[in-house]
Amino acid sequence: MLEAFEVLFNRTSGPPLPLPPALQSLYRQLAFPARTGRPYLISNFVSTLDGVVSLGIPGKSGGGEISGFNPHDRALMGLLRAAADAVAVGAGTLRAVSRHLWTAEYAFPELGPDYQALRTAMGLAPTPLNVILSGSGRLDLSAPVFASGTVRTLLVTTPAGAKRLERRQLPEGVTVRVAPTEDGVTVGASDFLAEIAACLGRPEPLVLLEGGPRVMGAFFAARLIDELFLTLAPQVAGRGDSATAERPGLVSGRRLAPELPTWSALVSAHRADSHLFLRYQFAH
Ligand SMILES: NC(=O)c1ccc[n+]([C@@H]2O[C@H](COP(=O)([O-])OP(=O)(O)OC[C@H]3O[C@@H](n4cnc5c(N)ncnc54)[C@H](OP(=O)(O)O)[C@@H]3O)[C@@H](O)[C@H]2O)c1
């Protein structure tokens, strides 16, 4: 049994989610502001003390190496997935963790029945919609997120990406949506969100964005991220002289400060051992 998070600070607002007892003992309370007719976008990342989110080494480039495979980080990831209508990632993240499924149970199987109880109490489908964003359409369609049949998957791509996929057999349960693009390779962040809402048939879903850094760049630049759940892992990863391409931070591909000031407010802070679990809200 996982020891409870220590709640250091909590200024969250909104109706608390109906957490079953095990999740309540673990995290105490989880609430999101009342919706306002549009998708609510939360993101979740783990970073080292020096801001590295991927070691950039084949086979060791996932979040696990960053968090030290920390069980509290995985349990919180599971909790956020359990509360979400959809979990979205970019194709780069899928390529880095190609066997992954973006479900609560996959993140932390030990709490699987409790996550399911939460989804049932919230009136949600058993698993969140898994959403992949790819400009190129160059994807391994045998990856479990497409081929396992255990999740419903939405693939959002450009007209060029769709053309590449047209020639291939798509597994059942995978929906492809083609979103507009101005430059031929990127989908606008708001168009991406609109495709998710349309696929879910809900105007104001809770969407959990799990990166990676390039997708985060697009969403921060579009002012669409409402919240960031950031785990700070107590290790220093370091970078070579070639700076950030190989070991990115939370955002890459976009400059935000100072042209696009992107400040936030801390709304909660939890601790487990020496890991900090910080929650920030952005007011755009
Ligand atoms: N520490 C953490 O919490 C955490 C979380 C997530 C990811 N990561 C790590 O981050 C690394 C991946 O970084 P990344 O920046 O390459 O990943 P990413 O943002 O997941 O993926 C980038 C790819 O997504 C597609 N994409 C992104 N924005 C798009 C847009 N606006 N329109 C169309 N397609 C778009 C493109 O796919 P195409 O190439 O198909 O065009 C692009 O190459 C991995 O090592 C992963 O493990 C760490």
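The text that follows walks through the structure, step by step, so that each part is easy to find.

The rules behind these values
Residues numbered from 1 in each chain as written. Predicted model: local features only at pLDDT ≥ 70, side-chain atom pairs only at ≥ 80, totals over all residues. Helix = DSSP H or I, 4+ residues; strand = E, 2+ residues; numbered from the N terminus. Rg over C-alpha atoms; globule rule 2.2 N^0.38 Å. Buried ≥ 20, exposed ≤ 12 C-beta atoms within 10 Å, placed from the backbone. Pairing = 2+ DSSP bridges. Right-handed = clockwise from strand over helix to strand, strands pointing away. Near = placed C-beta within 6 Å. Nonpolar A, V, L, I, M, F, W, Y, C, P; charged D, E, K, R; others polar. Contact = placed C-beta atoms within 7 Å. Core = buried A, V, L, I, M, F, W, Y, C linked by C-beta atoms within 7 Å. Expected span 1.5 Å × (residues − 1). Arc of directions from axis to C-beta. Axes fitted to C-alpha atoms, helices over the stretch in contact; angles between N-to-C directions. Parallel < 35°, antiparallel > 145°, perpendicular 65-115°, else oblique. Left-handed = near helix turned anticlockwise from the far one by under 90°.

## Section: the overall build of the chain
Alright, step 1. A count of helices and strands for the chain gives 10 helices and 10 strands.
Alright, step 2. Relative to its length of 284 residues, the chain is compact, with a C-alpha radius of gyration of 18 Å against a globular reference of 19 Å.
Alright, step 3. In terms of overall dimensions, the chain has a C-alpha envelope of 50 × 50 × 35 Å along the principal axes.
Alright, step 4. Looking at the chain residue by residue over its 284 residues, the buried ones come to 41%.

## Some details on the pairing of strand β5 (residues 153-157)
Alright, step 1. Most of β5 sits inside the fold, with five of its five residues counted as buried.
Alright, step 2. Side chains T153, L155 and T157 of β5 all project onto a buried face; the interleaved residues L154 and V156 project onto the opposite face, where all are buried too.
Alright, step 3. Bridging between β5 and strand β6 (residues 174-178) involves five bridges; their strand directions are parallel. Considered in β6, the bridge of T157 is made with V178.
Alright, step 4. As a crossover connection, the stretch from β5 through helix α8 (residues 159-166) into β6 is right-handed.

## Regarding the site of the ligand
Alright, step 1. For the ligand, the set of nearby residues contains 30 residues, the closest of which are G90, G92, G135, G211 and G212.
Alright, step 2. Broken down by secondary-structure element, the contributors of at least two residues to the shell around the ligand are β2 (40-48), α2 (63-67), β3 (86-90), α4 (91-96), β4 (129-134) and α10 (213-221).
Alright, step 3. Partitioned by chemical class, the residues of the shell around the ligand number 13 nonpolar, 14 polar and three charged.

## Focus on α10
Alright, step 1. When you tally the buried positions in α10, you get seven out of nine residues, the bulk of the element.
Alright, step 2. Among all positions in α10, only P213, R214, V215, M216, G217, F219 and F220 are buried.
Alright, step 3. Turning to α10, the residues buried within the fold contact β2, β3, α4, β4, α9 (189-200) and β7 (206-209).
Alright, step 4. With its phi angle positive at about 60°, R223 sits one or two positions after the end of α10.

## Quick look at the nonpolar core
Alright, step 1. V131 and V207 are the most contacted members of the largest nonpolar core, which has 68 residues in total.
Alright, step 2. Broken down by element, this core gets its largest block of residues, seven residues, from helix α3 (residues 71-83).
Alright, step 3. Ignoring anything within four residues of it in the chain, the contact list for V207 reads P39, L41, A84, D85, A86, A88, L193 and I196.

## What about the environment of I42?
Alright, step 1. The topology assignment puts I42 in strand β2.
Alright, step 2. Given 20 C-beta atoms within 10 Å, I42 falls into the buried group.
Alright, step 3. Sequence-wise, I42 and F32 are 10 residues apart; in three dimensions their C-alpha atoms are separated by 9.7 Å.
Alright, step 4. The contacts of I42, once residues within four sequence positions are left out, are L80, L206, L208, D226, E227 and F229.

## Re α9
Alright, step 1. With 12 residues, α9 extends 17 Å from end C-alpha to end C-alpha; this agrees with the ideal 16 Å at 1.5 Å per step.
Alright, step 2. When α9 is considered as a whole, its buried residues turn out to be A189, F192, L193, E195, I196 and L200. Looking straight down α9, one finds that the buried residues subtend no more than 155° of arc, so they occupy a single side.

## A few points about the sheet that holds β4
Alright, step 1. The 10 strands lie next to each other as β1-β9-β10-β8-β2-β7-β3-β4-β5-β6, forming an open sheet whose pairing is mixed. Both edges of this open sheet fall to β1 (6-10) and β6, since each of them pairs with a single strand only. Direction aside, neighbouring strands of the sheet carry axes that sit 20° apart on average.
Alright, step 2. Direction of pairing for β2 relative to β7: parallel, over a ladder of four bridges. Counted as the bridge partner of I42 is L208 from β7.

## Focus on the packing of α3 against helix α6 (residues 112-121)
Alright, step 1. Where α3 meets α6, the closest approach of the two axes is 9 Å, and the angle between their N-to-C directions is 25°. One element, α3, and the other, α6, form an angle in the roughly parallel class. As α3 packs across α6, the resulting crossing turns out to be right-handed. Along the contact surface, α3 presents G78, A82 and A83, while α6 presents Y115, L118 and R119.
Alright, step 2. Classifying every residue of the contact of α3 with α6 by side-chain character gives four nonpolar, one polar and one charged.

Geometric descriptors of this kind do not, in isolation, establish any biological role.
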